[in-house]
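Secondary and tertiary structure notes
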Amino acid sequence: QVQVVESGGGLVQPGGSLRLSCQASRSMFIIYDMGWYRQGPGKQRELVATITSSGDTKYAESVKGRFTISRDNAKNTMYLQMNSLKPEDTAAYYCKANGRVGYSGIIDDYWGQGTQVTVSS
């Protein structure tokens with residue numbers, strides 16, 4: 001069973017920073033793309049940023065210039081550095097890892113349980 005676990009959420013004031021982490025743990029788990037998604041109160045889940053295994057990144061327009069996605073392939077870990085946070089960034093943030101267990105495994109998406117980020121004064 002692949003486990004995807006997010007951490008690093010919390011309460012922060014507007015203009016502050018947080019760093020989220022996501023680790024996928026399972027022996028022989030081969031990860032391709034990874035991404036951060038968020039779901040605010042009363043809203044649908046939306047893409048925040050993605051990163052390929054080679055490091056290519058994409059961002060939602062709303063976070064460009066403020067958020068930075070990165071990953072450490074050796075540790076099966078992905079990060080999201082969030083700066084200049086705004087109240088509208090308040091949401092549950094979810095990690096998704098696309099991969100397979102062993103080269104004969106089926107490629108699938110694996111989601112974490114989410115970590116809450118609240119931006120408020």
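Look up a bit, the structure's there.
These lines cover the structure that appears in this document, whether it is placed above or below. (Residues numbered from 1 in each chain as written. Predicted model: local features only at pLDDT ≥ 70, side-chain atom pairs only at ≥ 80, totals over all residues. Heavy atoms only, no water.)

1. Brief notes about the overall build of the chain
Filter applied, for reference: In DSSP terms, a helix is any run of H or I states spanning at least four residues, a strand is any run of E spanning at least two, and both are numbered starting from the N terminus. Put simply, the radius of gyration uses C-alpha atoms, and a globule should come to 2.2 Å times the residue count raised to 0.38.
Tallying secondary structure elements over the chain gives zero helices and 11 strands in all. Secondary structure elements of the chain, listed N to C terminal, follow the sequence β-β-β-β-β-β-β-β-β-β-β. Computed over C-alpha atoms, the radius of gyration of the chain comes to 14 Å, within 12% of the 14 Å expected from 2.2 N^0.38 for 121 residues, which places it in the range of a compact globule. Across its three principal axes, the chain shows a C-alpha extent of roughly 50 × 25 × 25 Å.

2. Some details on the pairing of strand β9 (residues 91–101)
How we decide: Buried means the residue's accessible area, taken with a 1.4 Å probe over protein chains only, is under 20% of the maximum for its type, while exposed means over 50%, and partly exposed covers the values in between. Only strands joined by at least two bridges in the DSSP assignment are considered to pair.
When you tally the buried positions in β9, you get 10 out of 11 residues, the bulk of the element. Inspection of the sheet shows strand β4 (residues 29–39) paired to β9 by nine bridges, in the antiparallel sense. Bridging across to β9, Y37 finds its partner in Y94. Note that β9 and strand β11 (residues 115–119) share three bridges and pair antiparallel. Counted as the bridge partner of Y93 is T115 from β11. Judged from the four bridges that link them, β9 and strand β10 (residues 108–111) form a sheet pairing that is antiparallel. Residue N98 lies in a different strand from β10, and its bridge partner there is D109. Where β9 folds back on β10, the antiparallel hairpin that results is connected by six residues, among which G102 adopts a positive phi of roughly 75 degrees.

3. Details of the side chain of T77
The condition is simple: Each polar contact in these results corresponds to two N or O atoms within 3.5 Å; when the atoms are within protein, one needs to be able to donate a hydrogen and the other to accept it, and residues that are neighboring in sequence are counted only if both atoms are side-chain atoms.
Tracing the chain through its elements places T77 in strand β8 (residues 77–82). Overall, the relative accessible area of 8% leaves T77 in the buried class. Side-chain polar atoms of T77 contact the backbone oxygen of K75, separated by 2.8 Å.

4. What about the packing of aromatic side chains?
Worth spelling out the cut-off: Aromatic rings from Phe, Tyr and Trp, with only the six-membered ring used for Trp, were paired whenever their centres fell within 6.5 Å, and each pair was classed as stacked if the ring planes differed by under 30 degrees, edge-to-face if by over 60, and tilted otherwise. The rule is short: NZ of Lys or CZ of Arg within 6 Å of the ring centre and within 35 degrees of the ring normal puts a charge over the ring.
Under the criterion given, the structure shown has two aromatic pairs. Centre to centre, the rings of F29 and Y110 are 5.3 Å apart; their planes meet at 85 degrees, and the pair counts as edge-to-face. With a gap of 81 residues between them, F29 in strand β4 and Y110 in strand β10 connect regions that are remote in the sequence. Residue classification places F29 among the buried residues on the basis of a relative accessible area of 7%. Geometry around Y79 places R19 over its ring, the cationic atom sitting 4.0 Å from the centre. The lysine or arginine in question, R45, covers the ring of Y94, its NZ or CZ lying 3.8 Å from the ring centre.

5. Observations concerning unusual backbone geometry
Not every positive phi belongs to a glycine, and N76 is a case in point at roughly 50 degrees. Secondary-structure assignment places N76 in the loop between β7 (67–72) and β8. Residue classification places N76 among the buried residues on the basis of a relative accessible area of 18%. Unlike most non-glycine residues, S84 shows phi in positive territory, near 50 degrees. Using a relative accessible area of 41% as the deciding quantity, one classes S84 as partly exposed.

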